[in-house]
Number of protein chains: 2
Amino acid sequence: MEYFHVRFFRKITPSLVGLNHPKLNIMTVQTLPFSNLIEIDRRSATPVFRQIANGLMNLIRSGKLRPGYQLPASREMAGMMKLNRTTIVAAYEELRIQGWTEVVGKKGMFVSKQLPVINPKTFKAAALDGSVSSEKPDFYRQVSFTRPPFQELKPYQLIINDGYPDQRIAPLNSIFNRYKALLSRAYLHGMLMTGNSAGSLALRTELAAFLSKTRALSIGSENVLVTHGAQLAIFTAASMVLKPGSRVIVGDLNYVLADKLFEQLGATLIKVKVDQHGMDVDEVERICNDSRPDLLYIIPHHHHPTTVTLSAERRMKLLDLIRRYKLPVIEDDYDYDFHYENSPILPLASADHQGYVLYIGSISKTLAPTIRLGYLIGSEDFIWQASKLKQLVEIRGDVLFEESVAQLFSTGEMQRHIRRSVKLYRQRRDQFCDLLAASIGDMAHFTVPQGGMAVWTTFDMEYSIPELSKRLAVKGIYMNDGSLYRYNNDVNGIRLGFASLTDEEVLKFTKALKEVK
Amino acid sequence: MEYFHVRFFRKITPSLVGLNHPKLNIMTVQTLPFSNLIEIDRRSATPVFRQIANGLMNLIRSGKLRPGYQLPASREMAGMMKLNRTTIVAAYEELRIQGWTEVVGKKGMFVSKQLPVINPKTFKAAALDGSVSSEKPDFYRQVSFTRPPFQELKPYQLIINDGYPDQRIAPLNSIFNRYKALLSRAYLHGMLMTGNSAGSLALRTELAAFLSKTRALSIGSENVLVTHGAQLAIFTAASMVLKPGSRVIVGDLNYVLADKLFEQLGATLIKVKVDQHGMDVDEVERICNDSRPDLLYIIPHHHHPTTVTLSAERRMKLLDLIRRYKLPVIEDDYDYDFHYENSPILPLASADHQGYVLYIGSISKTLAPTIRLGYLIGSEDFIWQASKLKQLVEIRGDVLFEESVAQLFSTGEMQRHIRRSVKLYRQRRDQFCDLLAASIGDMAHFTVPQGGMAVWTTFDMEYSIPELSKRLAVKGIYMNDGSLYRYNNDVNGIRLGFASLTDEEVLKFTKALKEVK
């Protein structure tokens, strides 16, 4: 059924809104008579005389009516258009007021001679038509490819993501009920106008308390910047530190969108091997000895994509390096709360780092990918500066939404949701890994992750993940083709998200895997 | 009453969440006995044995327990902590598994000697304590001041913004009802995972149709990038075009956050006078003759802050310059839909610009400042590149939210809301201007704006707007002090937003103005 839902939804929309309706094509009509050139939509909100005026303006601006062109007398035009003359008079008056035309004595109305002459060409033609590709603008940069941004929802019956929560169990309704309740609060009328680019005070206060309690950060609201998703937190932190030519240490492998972002900001990547104990800290020390890099980006807990965790020993060494070399660090701890064995490793940011560790987390990973909320933790001055930078990027977030999520924390509903999720995701992880081993254990390799929402699965180099992905698509199952990770030549792996899959969905997927492998 | 609502809301939150609770201060406790060093919260979600383990880890990591330190025997520790011994055994096991401690034969458990020695210092101390300010990190940039990002909601009874819609009349409930309905759609489970960084197809399709109809852009969904507020659209467009050292033509005056953003991106501003007919286009031509700038940013319709509109003649000349010099332009048309005299001026983007005009609009200005939605219009290739850049900044928006807003367009509710708003805001504008003239007409100067949501009001240079702002604050009325615009020495003006004020609120404000002026 989903299949049809989706097709219906996607296919119908365009015609619903009349995108292909002739009335929208005024500027591309090629015939000459005004009655054809200017189409009138009587159901439109725009009064008919304005539709006429706008139509004539378009003809002037598209060069179809040139400066000095005499418009038909209003009576004539009324006849052509089959409209009341007073309507035409009003339209002509509109044109005159706006300076498009001028009345010359008794002669009549002319397209203003002050307007320069132009040759017809439309936006689309210039921008998109191959025939004028010689004129194709080149004033903007090309952005290196990450993943298809235009990836639309295909009519898949099952989608295997690379590590998202199951929004079906998230208390999203509470958020929106809360939001609607807040809308009715008179005093909020003012709050909307004076929103804080660092995020609502209530949410920053709740987050400070939550992070202090779960991650021993001992911070206050002044150390918290709320962002529209954790990616914006990485962007903000990196933009505060990097300039063109900066050098950044990253893991090899690493979260691809972080690598691409740093490169976009003009930085050079220094790749340091990641093994089963996390990033090779001794290599980091050698690099710092040569010359101190401008930034180190690390995911010490449930590393992306491999899910390995930095060992206690390396973590302590890294903290020592941070202090000795005053090495700025972005610690991306996107799914700290989802740890299934013993207890999660406390972040670098909770130790003594003298203000050099910028800590990043995600609320999207806790609730649902549709909820775009993340946070950046730093010293009070850093957060103050970063909030000014953020203001230039998006002014602020949705204050009411942030207040609503804050309520989720203060009522304890968020904490209960996390406990429920951890319990459920641990079961899902175990079932998923059992069935995965049973279906493709002979050709794929993975270790059961201690936390997070995905299993890092690698295949023998000769095995084609894109081929596997194609075969699954035939069965209505979407699984990415691993190209996200293949930028590294000796990697043939993929992250398989288990957290968002029900038992039946896991069965369906692993069964299909076995059939198509 | 609002007054108390606000105070209550703001003051209570922190203690509600126990931010100042001793349990959160583990790392700063100075006494030595473990029973004081490690506090147990029996109501906490975290099992007691983990609280013990975490407490001990903190002590190790903060340097209070050094490598080689022997932990008390589990029985001893159990006595000190007044806990069951099995709990302590579990905590010690936790420490050993994580590599913080090692068991040496029968001797007992020691803090691992592989961990380097550190001297106690906390995050906060290093980052915020003046006493170590010599160590204050300087690895990040200072961001030039725009407006106070930390401006919290004061207990004002009335807030005069600089031009926002009245969210009290916006169909926000429809959006959230729609959102909640979408949450229950099974097939959306997949959509959430495969959201498009350019924005949901439904919203891009609706916007393309709406903009084609109201602004004669003749575009398709492939020309639309949906952004988290119009500011992000400006940021994205500018980031696609500018590099450090680029030259940007801006109006004098201009929208401050655009100027600051371009400077933040490393560009130099070339300021061109704005008079009652808009930007001086002849000056733009002189500049292009010298050497072509990299970008021109213009608000031709309801210029910010002055609300003037670019004349038809200058608009045509500018289009000619754009074509002749292949001059990239960002056209910021943030409140096109709110025009009250004759009909709005069609944007530059609707004319022949050969793909050099990037068109920006805002949905926040149509609905409410809390709704963070804007859009960027460009050629298909430009939007494709920009969507990849946007992906690095925030991955994507809230797909369900975008789908919900798309529904507002397809049902025509958005169009009806705009018609209602224009009618209401026109009345509010007229009443506001009448009463403003009556109350401070003797000292302030303004022209009734043809559109938009604010009146640009200037005062004689010797008159102090900050002083006026202070006096209004005493009466519980917030009005910004004009510092936003005073960066230009011969300007002593302020934007007074009328659209969001009811008749009573306008009366209250203008009455107060008269009393305190």
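Residues numbered from 1 in each chain as written. Chains lettered and ligands numbered in written order. Predicted model: local features only at pLDDT ≥ 70, side-chain atom pairs only at ≥ 80, totals over all residues. Heavy atoms only, no water.

### Some details on the packing of aromatic side chains
(1) Moving on: Evaluation of the coordinates by the stated rule reveals 22 aromatic pairs over all chains.
(2) Moving on: Pairing A:Phe176 with B:Phe176 gives two aromatic rings, centres 5.8 Å apart and planes at 20°, and the pair type is stacked. With A:Phe176 in helix α7 (residues 172-183) and B:Phe176 in helix α7 (residues 172-183), the pair connects residues from two separate chains. We note that A:Phe176, like B:Phe176, is buried.
(3) Moving on: With a centroid separation of 5.5 Å and 65° between ring planes, the pair formed by B:Phe262 and B:Tyr297 is classed as edge-to-face. (Phe/Tyr/Trp six-rings, centres within 6.5 Å; stacked < 30°, edge-to-face > 60°. Helix = DSSP H or I, 4+ residues; strand = E, 2+ residues; numbered from the N terminus. Buried < 20%, exposed > 50% of the residue type's maximum accessible area, 1.4 Å probe, protein only.)

### Focus on the pattern of salt bridges
Two side chains that carry opposite charge are able to pair once their charged atoms sit near each other.
Residues and elements named next belong to chain B.
(1) Moving on: Tallied over the entire structure, the rule returns 39 salt bridges over all chains.
(2) Moving on: Taking the shortest distance from any N to any O, the salt bridge between Glu341 and Arg429 comes out at 2.7 Å. Note that Glu341 is positioned in the loop between β9 (329-332) and β10 (357-362) and Arg429 in helix α16 (residues 413-440), a separation of 88 residues in sequence.
(3) Moving on: For Arg429, a relative accessible area of 3% corresponds to the buried category.
(4) Moving on: Residue Lys475 pairs with Glu515 through a salt bridge whose shortest N-O separation is 2.7 Å. Of the two residues, Lys475 sits in the loop between α17 (465-474) and β14 (477-479) while Glu515 sits in helix α18 (residues 503-516), which places them 40 residues apart along the sequence.
(5) Moving on: A residue is classified by how much of its surface remains accessible, and Lys475, at 34% relative accessible area, is partly exposed. (Salt bridge = Lys/Arg side-chain N within 4 Å of Asp/Glu carboxyl O.)

### Some remarks on the pairing of strand β2 (residues 108-111) of chain A
All names here are of chain A.
(1) Moving on: As judged from the four bridges shared by strand β1 (residues 101-104) and β2, these two strands associate in the antiparallel manner. Residue pairing in the sheet places Val103 in a bridge with Met109 of β2.
(2) Moving on: In this structure, the hairpin formed by β1 and β2 is closed by a connection of three residues, where Gly105 is found at a positive phi of approximately 45°. (Pairing = 2+ DSSP bridges.)

### Comments concerning the domain arrangement of chain A
Residues and elements named next belong to chain A.
(1) Moving on: Entries for chain A in the domain assignment read domain 1 (1-117), domain 2 (158-166 + 417-516) and domain 3 (173-411).
(2) Moving on: Centre-to-centre, using C-alpha coordinates, domain 2 lies 26 Å away from domain 3.
(3) Moving on: The interface is formed by 27 residues belonging to domain 2 together with 28 residues belonging to domain 3.
(4) Moving on: At the boundary of domain 2 and domain 3, one finds nine residue pairs in polar contact (both at pLDDT 80 or more).
(5) Moving on: Counting residues per element, the ones that place at least two in the side of domain 2 that touches domain 3 are α16 (413-440) and β13 (454-459).
(6) Moving on: Looking at the side of domain 2 that touches domain 3, the element that brings in the most residues is α16, giving seven residues. (Domains from an automatic or database assignment. Contact = heavy atoms within 4.5 Å. Polar contact = N/O pair within 3.5 Å; in protein donor to acceptor, adjacent residues only side chain to side chain.)

### Topic: the nonpolar core
(1) Moving on: With 309 residues, the main nonpolar core has A:Leu56, A:Phe262, A:Phe509, B:Leu56, B:Phe262 and B:Phe509 as its most contacted residues.
(2) Moving on: Apart from residues lying up to four places away in sequence, B:Phe262 is in contact with B:Ile234, B:Ala238, B:Leu242, B:Val248, B:Val250, B:Ala267, B:Leu269, B:Leu295 and B:Tyr297. (Core = buried A, V, L, I, M, F, W, Y, C linked by side-chain atoms within 4.5 Å.)

### Let's talk about the packing of helix α10 (residues 230-241) of chain A against helix α14 (residues 380-394) of chain B
(1) Moving on: α14(B) packs onto α10(A) with a crossing angle of 90° between their chain directions and a minimal axis gap of 5 Å. Taken together, the axes of α10(A) and α14(B) are roughly perpendicular relative to one another. Along its contact with α10(A), which presents A:Gln231, A:Leu232 and A:Phe235, the element α14(B) presents B:Gln391, B:Leu392, B:Val393 and B:Glu394.
(2) Moving on: For the contact of α10(A) with α14(B), a count of residues per class yields four nonpolar, two polar and one charged. (Axes fitted to C-alpha atoms, helices over the stretch in contact; angles between N-to-C directions. Parallel < 35°, antiparallel > 145°, perpendicular 65-115°, else oblique. Nonpolar A, V, L, I, M, F, W, Y, C, P; charged D, E, K, R; others polar.)

### Some details on the sheet that holds strand β11 (residues 374-377) of chain B
Residue and element names in this part refer to chain B.
(1) Moving on: Strand order in the open sheet made by the eight strands is β4-β11-β10-β9-β8-β5-β6-β7, with mixed pairing throughout. On the outer flanks of this sheet lie β4 (224-227) and β7 (278-279), each paired with one strand and no other.
(2) Moving on: Sheet topology note: the strand β5 (residues 247-252)/strand β6 (residues 268-275) ladder contains six bridges and is parallel. Across the sheet, the residue bridging to Arg247 is Thr268, located in β6.
(3) Moving on: Running at roughly 110° to β4, helix α9 (residues 201-215) makes contact with β4, β10 and β11 of the sheet.
(4) Moving on: Of the strands in this sheet, β5, β6 and β8 (295-298) are in contact with helix α11 (residues 256-264), which crosses β6 at around 160°.

### Brief notes about the pairing of strand β5 (residues 247-252) of chain A
Residues and elements named next belong to chain A.
(1) Moving on: The buried fraction of β5 is high, at five of six residues.
(2) Moving on: A crossover connection joins β5 to the parallel strand β6 (residues 268-275) through helix α11 (residues 256-264); in handedness this β-α-β unit is right-handed.
(3) Moving on: Across two bridges, the pairing between β5 and strand β8 (residues 295-298) is parallel. Counted as the bridge partner of Ile249 is Leu296 from β8. (Right-handed = clockwise from strand over helix to strand, strands pointing away.)

### What about the environment of A:Met443?
Residue and element names in this part refer to chain A.
(1) Moving on: Structurally, Met443 is set in the loop between α16 and β12 (444-445).
(2) Moving on: Along the chain, Met443 and Phe459 lie 16 residues apart, while their C-alpha atoms are 6.2 Å from each other.
(3) Moving on: Setting aside chain neighbours within four positions, we find Met443 in contact with Thr458, Phe459, Asp460, Tyr463 and Lys517.

### Side note on unusual backbone geometry
Residues and elements named next belong to chain A.
(1) Moving on: Asp252 connects to Leu253 through a cis peptide bond whose omega is 15°.
(2) Moving on: Along the polypeptide, Leu253 turns up in the loop between β5 and α11.
(3) Moving on: A cis amide bond links His304 with the next residue in sequence, Pro305, at an omega value of 5°.
(4) Moving on: Residue position: Pro305 is located in the loop between β8 and α13 (312-325).
(5) Moving on: Of note, Thr307 is a non-glycine position whose phi angle comes to about 70°, a positive value.
(6) Moving on: Following the sequence through the fold, Thr307 ends up in the loop between β8 and α13.
(7) Moving on: Positive phi values are uncommon outside glycine, yet Lys326 reaches one of about 45°.
(8) Moving on: Along the chain, Lys326 falls in the loop between α13 and β9 (329-332).
(9) Moving on: According to the relative accessible area criterion, Lys326 is partly exposed, its value standing at 34%.

### Regarding the sheet that holds β9(A)
Residues and elements named next belong to chain A.
(1) Moving on: Strands sit in the order β4-β11-β10-β9-β8-β5-β6-β7 across an open sheet of eight strands; the sheet is mixed. Edge positions in the sheet fall to β4 (224-227) and β7 (278-279), since each of these pairs with one other strand and no more.
(2) Moving on: Sheet topology places β8 next to β9; three bridges connect them, and they run parallel. The residue of β9 that forms the bridge with Ile298 is Glu331.

### Quick look at helix α4 (residues 74-81) of chain A
Residue and element names in this part refer to chain A.
(1) Moving on: For α4, the set of buried residues is Ser74, Met77, Ala78 and Met81. The arc that holds the buried residues of α4, viewed along the axis, is 105°, so those residues lie on one side. In this structure, α4 carries Arg75 and Glu76 as exposed residues pointing more than 90 degrees from its buried face.
(2) Moving on: Lys82 lies just past α4 and shows a positive phi near 55°. (Arc of directions from axis to C-beta.)

### Some thoughts on the side chain of B:His303
Residues and elements named next belong to chain B.
(1) Moving on: Note on placement: His303 falls in the loop between β8 and α13 (312-325).
(2) Moving on: On the basis of relative accessibility, which here comes to 5%, the residue His303 falls in the buried class.
(3) Moving on: Side-chain polar atoms of His303 contact the backbone oxygen of Leu253, separated by 3.0 Å.
(4) Moving on: Among all residues touching His303, those that are not within four sequence positions of it are Leu253, Asn254, Val274, Val308, Tyr334 and Arg495.

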